[in-house]
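# A look at the structure
The chain contents come next:
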Number of protein chains: 2
Amino acid sequence: MNFISRDTDYAIRALVYMAKMAKKKKDIFTVDEIVKEERLPERFLRRILQKLAKKGVLRSYKGKEGGFSLINSPKKITLTDIIKVFQGEVDLTNCFLKGKICPNIRTCALRKKLKGIGRGLDRELRSITIASLL
Amino acid sequence: MNFISRDTDYAIRALVYMAKMAKKKKDIFTVDEIVKEERLPERFLRRILQKLAKKGVLRSYKGKEGGFSLINSPKKITLTDIIKVFQGEVDLTNCFLKGKICPNIRTCALRKKLKGIGRGLDRELRSITIASLL
DNA sequence: ATTAATAATACTATATTGGTATCATTAATA
DNA sequence: TATTAATGATACCAATATAGTATTATTAAT
Ligand code: FES
Ligand code: FES
């Protein structure tokens, strides 16, 4: 099934780490520090954090003494947010049929049902915040 | 996000077709007939139906006048059943961390939450039957 | 024996995922 | 202002998964 991809997973780990440490010490973290603590692949995580920065989850500081910091409170960062960054919208309704736009899209019974379920799922994922994972 | 893979999707189409037609005519269908009606790739669908047969969703009849038929009532065939055949268990909790078995697996907060959500999702998918898509 | 169906399995092409490497840019500070 | 230590942007690469095809064997009706 593989619902959560590796970059989402690593992002969560990094964010949880930052949230945990931000309480007791300064709030700017270098990739190296996180990599060392969480034992993640360095270059890969770097790209992940860059993406989070571009999407407004992290703020980045270039140059010496730079790094990444959380922009919002861990209470405000939800799983949906993170998943959206790396895996796109939480939306279960993608119709195939030879790669073309589906003609049934307005009437399709399956689509209708999946849409509802997808919305529910999204709501639940929104209820999981980084803060709730500390 | 891509929740439903193409083989699951094609399987659903084929099963819905069979359920729909089984009402008015004989209940054995050849791959060729389904392919023609639903415009799916022949060899690919053949493999899909074979898999459904092996997993006990369809019965297959070899030889002339053979084909596939539904084993159970369309009311008994759920989305979860079909997804399981092609995409494995509906289970959102797969932990990475360098491909190894995760040591935190018993304590991990994320895992716990995803497990609950996965169960809910599974329940909802179980409520969607082939019959409900007619 | 012929014919029309599925079974099994191997193969191929493309896309996605997971990860690495390189070079540019920025900012602190000695 | 040169050095250094950080991120930014991008291109690249390898492994895996997805989507689909081809081939040959088996089966059963006629
Ligand atoms: S068949 Fe296209 S949306 Fe369902
Ligand atoms: S960190 Fe391994 S199960 Fe969550």
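Here's what I pulled together on the structure shown here. (Residues numbered from 1 in each chain as written. Chains lettered and ligands numbered in written order. Predicted model: local features only at pLDDT ≥ 70, side-chain atom pairs only at ≥ 80, totals over all residues. Heavy atoms only, no water.)

Not every one of the 24 residues close to DNA strand D is listed here, only the nearest: A:Arg46, A:Ser60, B:Arg43, B:Arg47 and B:Gly63. At the protein interface, 63% of the atoms of DNA strand D within 4 Å belong to sugar or phosphate. One of the side-chain N or O atoms of B:Arg47 is found 2.6 Å from a base oxygen in DNA strand D. Taking B:Gly63, its main chain carries an N or O atom lying 3.1 Å from a base oxygen of DNA strand D. When residues of the surface near DNA strand D are traced back to their parent elements, those giving at least two are helix 3 (42–54), strand 1 (58–61) and strand 2 (67–70) of chain A together with helix 1 (6–22) and helix 3 (42–54) of chain B. Per element, the largest residue contribution to the surface near DNA strand D is 4 residues, and it comes from helix 3 of chain A. Looking at the surface near DNA strand D residue by residue, the class counts come to 6 nonpolar, 8 polar and 10 charged. (Near = heavy atom within 4 Å. Polar contact = N/O pair within 3.5 Å; in protein donor to acceptor, adjacent residues only side chain to side chain. Helix = DSSP H or I, 4+ residues; strand = E, 2+ residues; numbered from the N terminus. Nonpolar A, V, L, I, M, F, W, Y, C, P; charged D, E, K, R; others polar.)

Turning our attention to unusual backbone geometry. Although it is not a glycine, A:Arg39 adopts a positive phi angle of roughly 55°. Structurally, the position occupied by A:Arg39 is in the loop between helix 2 (31–38) and helix 3. Here the phi dihedral of B:Glu65 falls at roughly 65°; this positive angle occurs in a residue that is not glycine. With a relative accessible area of 72%, B:Glu65 lands in the exposed category. (Buried < 20%, exposed > 50% of the residue type's maximum accessible area, 1.4 Å probe, protein only.)

Attention now goes to the interface of chain B and chain A. Chain B puts 38 residues into the contact, and the matching count from chain A is 38 residues. Of the roughly 3400 Å² buried between chain B and chain A on both sides combined, carbon and sulfur atoms contribute 68%. Counting across the interface, chain B meets chain A through 2 residue pairs in polar contact (both at pLDDT 80 or more). Elements that contribute at least two residues to the side of chain B that touches chain A include exactly helix 1, helix 4 (79–87) and helix 5 (109–126) of chain B. A per-element tally of the side of chain B that touches chain A places helix 5 of chain B first, with 8 residues. The class makeup of the residues in the side of chain B that touches chain A is 21 nonpolar, 7 polar and 10 charged. (Contact = heavy atoms within 4.5 Å. Buried area = accessible area lost by both parts, 1.4 Å probe.)

In the vicinity of DNA strand C lie 25 residues, with A:Arg43, A:Arg47, A:Gly63, B:Arg46 and B:Ser60 positioned nearest. The share of sugar and phosphate among atoms of DNA strand C within 4 Å of the protein is 63%. Contact distances for DNA strand C include 2.9 Å between a phosphate oxygen and a backbone N or O atom of B:Val31. A distance of 3.4 Å separates a base nitrogen of DNA strand C from a polar atom in the backbone of B:Gly63. Top element by residues in the surface near DNA strand C is helix 3 of chain B. It accounts for 4 residues. Of the residues assigned to the surface near DNA strand C, the class counts are 6 nonpolar, 8 polar and 11 charged.

Moving on, we come to the packing of helix 2 (residues 31–38) of chain B against helix 3 of chain B. Residue and element names in this part refer to chain B. Closest axis-to-axis distance for the helix 2/helix 3 pair is 10 Å, and the angle between their directions is 125°. One element, helix 2, and the other, helix 3, form an angle in the oblique class. Every pair of crossing elements has a handedness; the one defined by helix 2 and helix 3 is right-handed. Two secondary-structure elements touch here, helix 2 through Val31, Asp32, Ile34 and Val35 and helix 3 through Glu42, Leu45, Arg46 and Leu49. Per-class residue counts for the contact of helix 2 with helix 3 are 5 nonpolar, no polar and 3 charged. (Axes fitted to C-alpha atoms, helices over the stretch in contact; angles between N-to-C directions. Parallel < 35°, antiparallel > 145°, perpendicular 65-115°, else oblique. Left-handed = near helix turned anticlockwise from the far one by under 90°.)

This part takes up the relation of the copies chain B and chain A. It takes a turn of 180° to lay chain B on chain A, together with a shift of 0.0 Å along the axis; the resulting RMSD is 0.0 Å. Such a combination of turn and shift is consistent with a two-fold rotation axis. Taking C-alpha positions as reference, the residue of chain B nearest the rotation axis is B:Leu121, located at 3.5 Å. The residues that chain B uses at the interface reappear at the interface of chain A in 100% of cases, marking a shared surface. (Least-squares fit on C-alpha atoms with pLDDT ≥ 70 in both.)

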